[in-house]
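Residue-level listing of the chains:
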Amino acid sequence: MEPAATVSASPVSALGRESPQLRARRLAAARRRATAVLAGVTVVFVAVTVAGVHGTLAGYVQAGAEAAMVGGVADWFAVTALFRRPLGLPIPHTALIVERKDQFAATLGQFVQENFLNADVLAERIRSTRLVPRLAAWLAGEASAAGLAGHAADLVVTVAEALRDEDVQRVLTAELTRAADAVEVAPLAGRALRVIIAGGHHAGLFNAIASGADRYLADHYAELGELFAAESPRWVPDAVYRRVFERLYTRLRHRLVAMAADPDDEARHQFDEWITGLPDRLETSPELRERGERVKREFLGSPAAAGLVLGAVEAGQGHAADPGGRPGV
């Protein structure tokens, strides 16, 4: 004997294989049989009623025929009234589906939304499936993690090979420009500088500037000497302007070293006052904000920005194509 699931599924699969014409013929035949049965029980009821009820058997026949007739008419009316007017009569509360389909659809949609697509219901059902713990347990396995990482790396390499550098560069440049246009440089720099000052990191900036200036003087001694000589009057003897240059050069380097070493140097205090007030000026000064936007536009339109994006694309493709960087391989 076939299993119950197979037996119950057989009529459904058979209906799925039937053509629309065959199904229409089967429906018409079923309607004719139902009408014939209704007509038959009606005739029996009328005949027994006309002949008169004599005895228990006739009473049962009459009652059975009456019940069958009333049930058949009630079922016909109920089903017909859902879709159209019975016999074309304007009976109230008939043709319900035709007249109220929009209301039914809205009610059904609201019911599904409130009872099945509700955030709390969905969260509870997702939580009950324990999807995240199961996924975490699966990823905790060495073989699973290695396989997933390998497939992900292969996918990245395939996508990177399919994309052309110029297309990626164009898209990234457009996105960078769009994102940068939405951000004002000067206020952003002011907020970043405020964080640096709050952390006390600006003190090292002064030392770096002084040390950098001293290194520049040390590396460009000859060049600076030539510039000083070119600006000196011709009537000044060479020995004089060389001695003046040496004196200025030595004193300037000594001054830079002293500035970097002395925490109470006046120049350091002036620098602290200037840089402490700079964030407010960057955030409020229209001139500084306009200058920042001009610098941003010039940079985004320069070849340096395009080269920066292209370098990032090439670095990303090289990293994706490097099999040594793939986890689990």
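Residues numbered from 1 in each chain as written. Predicted model: local features only at pLDDT ≥ 70, side-chain atom pairs only at ≥ 80, totals over all residues. Heavy atoms only, no water.

**Student:** Mind showing me how you'd approach the pattern of salt bridges here?
**Tutor:** Two side chains of opposite charge can pair, provided their charged atoms sit close to one another. Applying the stated criterion to the full structure yields six salt bridges. Note that Arg 127 and Glu 124 form a salt bridge whose closest N and O atoms lie 2.8 Å from each other. Of this pair, Arg 127 and Glu 124 both sit in helix α5 (residues 119-129), three residues apart, which is roughly one turn of that helix. Look at Glu 124 and you get partly exposed, because its relative accessible area is 45%. Within the structure, one salt-bridge network assembled from shared partners comprises Arg 194, Asp 280 and Glu 283. (Salt bridge = Lys/Arg side-chain N within 4 Å of Asp/Glu carboxyl O. Helix = DSSP H or I, 4+ residues; strand = E, 2+ residues; numbered from the N terminus. Buried < 20%, exposed > 50% of the residue type's maximum accessible area, 1.4 Å probe, protein only.)

**Student:** Looking at this structure, how should I read the layout of surface pockets?
**Tutor:** Sizing a probe to match a water molecule and rolling it over the atoms shows the empty space that remains. Of the volumes computed, that of the largest pocket is approximately 420 Å³. Lining of the largest pocket is provided by 15 residues; of these, Arg 31, Ala 34, Thr 35, Trp 76 and Thr 80 occupy positions nearest its centre. At the level of elements, α2 (20-51) and α3 (56-83) are the ones that each hand at least two residues to the lining of the largest pocket. The element best represented in the lining of the largest pocket is α2, accounting for eight residues. Its residues placed into classes, the lining of the largest pocket shows 10 nonpolar, three polar and two charged. (1 Å grid on protein atoms, 1.4 Å probe; cavity = no way out; pocket = protein on both sides within 12 Å on 5 of 7 lines; lining within 4 Å. Points joined across faces, edges and corners; volume = space filled by probe spheres on them. Nonpolar A, V, L, I, M, F, W, Y, C, P; charged D, E, K, R; others polar.)

**Student:** Whenever I open this one, the packing of α3 against helix α4 (residues 96-115) confuses me. Can you help?
**Tutor:** Between two packed helices, the angle of one axis relative to the other and the distance separating the axes together describe the packing. At a minimum axis separation of 5 Å, α3 and α4 run at an interaxial angle of 50 degrees. On the basis of their axis angle, the class for α3 and α4 is oblique. Only Leu 96, Ile 97 and Val 98 of α4 make contact with α3, whose side of the interface consists of Ala 81, Leu 82 and Phe 83. Partitioned by chemical class, the residues of the contact of α3 with α4 number six nonpolar, no polar and no charged. (Axes fitted to C-alpha atoms, helices over the stretch in contact; angles between N-to-C directions. Parallel < 35°, antiparallel > 145°, perpendicular 65-115°, else oblique. Contact = heavy atoms within 4.5 Å.)

**Student:** Help me understand the nonpolar core in this model?
**Tutor:** Counting 14 residues, the largest nonpolar core has Leu 193, Phe 206, Met 259, Ile 275 and Leu 282 as the members making the most contacts within it. Of all elements in the fold, only α9 (185-198), α10 (202-219), α12 (238-261) and α13 (266-284) reach the threshold of two or more residues within this core. Among the elements that make up this core, the one with the highest residue count is α13 (five residues). With residues up to four places along the chain from it excluded, the contact list for Leu 193 reads Ile 275, Leu 278, Pro 279 and Leu 282. (Core = buried A, V, L, I, M, F, W, Y, C linked by side-chain atoms within 4.5 Å.)

**Student:** Explain the packing of α10 against α13 to me, please; I cannot follow it from the model alone.
**Tutor:** One way to put it is that α10 packs onto α13 with a least axis distance of 10 Å and a crossing angle of 125 degrees. Considering the angle they form, α10 stands oblique to α13. Crossing geometry of α10 relative to α13 is assigned as right-handed. From α10, His 202, Ala 203, Leu 205, Phe 206, Asn 207 and Ile 209 reach across to α13, where they touch Ala 267, Arg 268, Phe 271, Asp 272 and Ile 275. Here the residues of the contact of α10 with α13 sort into seven nonpolar, two polar and two charged. (Left-handed = near helix turned anticlockwise from the far one by under 90°.)

**Student:** What is the right way to read the packing of aromatic side chains from this model?
**Tutor:** How two aromatic rings sit relative to each other is set out by the distance from centre to centre and by the angle between their planes. The tally for this structure, following the rule as stated, stands at two aromatic pairs. Ring geometry for Phe 206 and Phe 271: centres 5.4 Å apart, planes at 50 degrees, overall tilted. With Phe 206 in helix α10 and Phe 271 in helix α13, the pair connects residues that are 65 residues apart, well separated along the chain. The exposure class assigned to Phe 271 is buried, which follows from its relative accessible area of 13%. Considering the side-chain rings of Phe 271 and Trp 274, the 6.1 Å spacing of their centres and the 35 degrees angle between planes classify their relative orientation as tilted. With Phe 271 and Trp 274 both in helix α13, this residue pair falls three residues apart, about one helical turn. Taken together, Phe 206, Phe 271 and Trp 274 form an aromatic cluster joined through their ring pairs. (Phe/Tyr/Trp six-rings, centres within 6.5 Å; stacked < 30°, edge-to-face > 60°.)

**Student:** What is the right way to look at a nonpolar patch on the surface in this model?
**Tutor:** A cluster of nonpolar side chains, contributed by Leu 108, Phe 111, Val 112, Phe 116, Leu 117, Leu 122, Ile 126, Leu 131 and Val 132, occupies part of the molecular surface with about 850 Å² of accessible area. Every element with two or more residues in the nonpolar patch is listed here: α4, α5 and α6 (131-140). Per element, the largest residue contribution to the nonpolar patch is three residues, and it comes from α4. The topology assignment puts Leu 117 in the loop between α4 and α5. (Patch = residues over 30% accessible without salt bridge, like charges linked within 9 Å, V, L, I, M, F, W, Y side chains within 5 Å. Areas by Shrake-Rupley, 256 points an atom, 1.4 Å probe, with all protein chains shown as cover.)

**Student:** Sorry, what's going on with α13 here?
**Tutor:** In an α-helix there are 3.6 residues to a turn, and that puts residues three or four apart on one side. Relative to the 27 Å expected for 19 residues at 1.5 Å per residue, α13 spans 28 Å between its end C-alpha atoms, a close match to the ideal helical length. Along α13, the helix axis deviates most sharply at Leu 278, where the bend reaches about 35 degrees; the proline Pro 279 sits within four residues downstream. Buried within α13 we find Ala 267, Arg 268, Phe 271, Ile 275, Leu 278, Pro 279 and Leu 282. Put simply, Asp 265 is the residue that caps the front of α13, since its side-chain oxygen is 2.8 Å from the backbone nitrogen of Ala 267. (Expected span 1.5 Å × (residues − 1). Bend = angle between axes of the 7 residues up to and from the residue. Polar contact = N/O pair within 3.5 Å; in protein donor to acceptor, adjacent residues only side chain to side chain.)

Coordinates in, geometry out; function isn't part of it.
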